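Observations on the three-dimensional arrangement
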Amino acid sequence: MAVIPVALGGRSYEVQVARGLIEDAGHHLAPYLRKREVPVVVDANVRRLWGARIEAALAVEGHQLRWFEVPPGEGAKSWEWLARLTDWLLDQGVERGDHVMALGGGVVGDLTGFACAILKRGCGFVQVPTTLLAQVDSSVGGKTAINTAAGKNLVGAFHQPSLVLADLDVLGTLPPRELRAGYAEVLKYGVLGDRAFFDWLAANGAAVLALEEAALEHAVATSVAAKAAIVAADERETEDKRALLNLGHTFGHALEAETGFSDRLLHGEGVALGMVLAARYSARIGLLTAPDADKVAAAVGAAGLPASLSAIGLDCNGKTLVAHMLHDKKMDAGTLPFILLHAIGEAFVSRDVALADIAAFLDEELAR
Ligand code: GLY
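Criteria and thresholds
Residues numbered from 1 in each chain as written. Predicted model: local features only at pLDDT ≥ 70, side-chain atom pairs only at ≥ 80, totals over all residues. Heavy atoms only, no water. Helix = DSSP H or I, 4+ residues; strand = E, 2+ residues; numbered from the N terminus. Contact = heavy atoms within 4.5 Å. Areas by Shrake-Rupley, 256 points an atom, 1.4 Å probe, with all protein chains shown as cover. Near = heavy atom within 4 Å. Polar contact = N/O pair within 3.5 Å; in protein donor to acceptor, adjacent residues only side chain to side chain. Core = buried A, V, L, I, M, F, W, Y, C linked by side-chain atoms within 4.5 Å. Buried < 20%, exposed > 50% of the residue type's maximum accessible area, 1.4 Å probe, protein only. Disulfide = S-S within 2.5 Å. Pairing = 2+ DSSP bridges. Axes fitted to C-alpha atoms, helices over the stretch in contact; angles between N-to-C directions. Right-handed = clockwise from strand over helix to strand, strands pointing away.

From N to C terminus, the protein chain includes 13 helices and 11 strands. The principal-axis extents of the C-alpha atoms in the protein chain amount to approximately 60 × 40 × 35 Å. Taking as baseline every contact in the protein chain between residues at least 6 positions apart, the subset at least 24 positions apart corresponds to 74%. For the protein chain, the exposed area adds up to about 14500 Å²; of that, 52% sits on carbon and sulfur atoms.

So, on to the site of the ligand. Around the ligand sit D137, K143, K227, E237, R242 and L245, and those are all the residues in its vicinity. Take K143: an N or O atom from its side chain is 2.9 Å from an oxygen atom of the ligand. At 2.7 Å from an oxygen atom of the ligand is found a side-chain nitrogen or oxygen belonging to R242. Computed on the free molecule, the ligand has an accessible area of 200 Å², of which 88% lies beneath the protein chains in the complex.

This paragraph deals with the nonpolar core. If you look at the biggest cluster of nonpolar residues, it comprises 104 residues, and the most contacted ones within it are M101, L103, F251 and L362. Every residue in contact with F251, bar those within four places of it in the chain, is listed here: G274, L277, A278, Y281, M325, F338, I358, F361 and L362. Within the second largest apolar cluster, 23 residues are counted, among which are A76, L85, V100 and C116.

Before going further, it helps to examine the state of the cysteines. Overall, the coordinates contain zero disulfides when judged by the stated rule. Unpaired in this structure, C123 has its nearest cysteine sulfur neighbour in C116, at a distance of 3.7 Å. Classification of C123 by relative accessible area gives buried; the value is 2%.

Within the fold, E269 resides in helix 10 (residues 267–284). What makes E269 buried here is its relative accessible area of 8%. A distance of 2.8 Å separates a polar atom in the side chain of E269 from the backbone nitrogen of L266. When residues no more than four places from it in sequence are discounted, the contact partners of E269 are R177, A181, R264, L305 and P306.

Once that is clear, we can look at the sheet that holds strand 9 (residues 163–167). Neighbouring strands of a sheet are bound in pairs by backbone hydrogen bonds; such pairs are parallel or else antiparallel. The seven strands lie next to each other as 1-2-9-6-5-3-4, forming an open sheet whose pairing is mixed. The sheet is open, and its two edges are formed by strand 1 (2–6) and strand 4 (64–70), each paired on a single side. Direction aside, the axes of adjacent strands within the sheet are offset by 20° on average. By the bridge criterion, five bridges tie strand 2 (residues 13–18) to strand 9 in an arrangement that is parallel. Note on strand 9: the bridge partner recorded for Q16 is L165. Relative to strand 4, helix 2 (residues 44–59) is tilted by about 170°, and along the sheet it contacts strand 3 (37–43), strand 4 and strand 5 (99–104). Together, strand 3, strand 4 and strand 5 form the strand contacts of helix 3 (residues 79–91), whose direction differs from that of strand 4 by roughly 160°.

Right, let's talk about the pairing of strand 3 for a bit. Along any regular strand, the residues point their side chains to alternate faces of the sheet. Judged by how many residues are buried, strand 3 sits mostly within the fold: six of seven residues are covered. With helix 2 bridging strand 3 and its parallel neighbour strand 4, the resulting β-α-β unit is right-handed.

Scope: geometric values only; no functional claims are made or implied.
Below, the structure written as structure tokens:
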């Protein structure tokens, strides 16, 4: 088992990464559970796959689960479901010192975390992430949010969990496309800050995607450790450190918007292609070598993720994609920060990128 500390003073916690954590969840969660009844937020798919097992694991310690089911998909990150969940938690008599369990992917984690951030001005929660993306990204670091009519994740709070149990067994029930989309965020940690990890993934990525235990544990634990270090250094994204985690996200956001935030392009697929575009743009302006940009594209392509704009069949031009970027929540005082690369493993925040230049670059990439 890997145990990764997230060092945040009085808000510090551990992320445990191993197989079998759900089977033993009663033991792992016991220190956080003061009452017999434990509120759990879940969607129907995850409950069907893991509900009975976690119920049995908690029963060993004398706990009984109280389920709150949300519909699968992004729609649950809404005012409506936030209101329903907070009302339900109040009905359950949840107090500040209690812990709510988020059992699911990023949607369940973000909604539950936000509900717990505002319930009685803040109660505890634990994350049991059930997707690769949630294990290596959204369950760690305390960003919680819902979506509104104006856009995604625009209303939320920083609220750290008390424990994260990343059980590798759950990844065996993920659809392969979702696994690959989560792998994009794993690859991101190599590209943004760890050349050795990037090279390790080039050699071992197939084993990770085949869920071979040692490779998978190393990939998840290394990703979580990278995120934990960044979060510990810049919890609230005020110092250009946490912002590096947005590598690929500005281009990716435009691609997701152009494809209607739909199944045409999953978030991780947008990030993967966005990373390739960030690398190619960095090479175009002379920051990164062309062979290194090609290596980023090759790593993305080798994982079965889209590595060029032609792979996703867009019918638009660079200007249209840049127009989507202007609605990005990362817009800051009229400028849009881009995460670019000096080298693989050396990302930085650039604030002087001309959007007209990005539009011209995207036109070239669309014609590639
Ligand atoms: N997913 C980016 C962050 O947690 O900052």
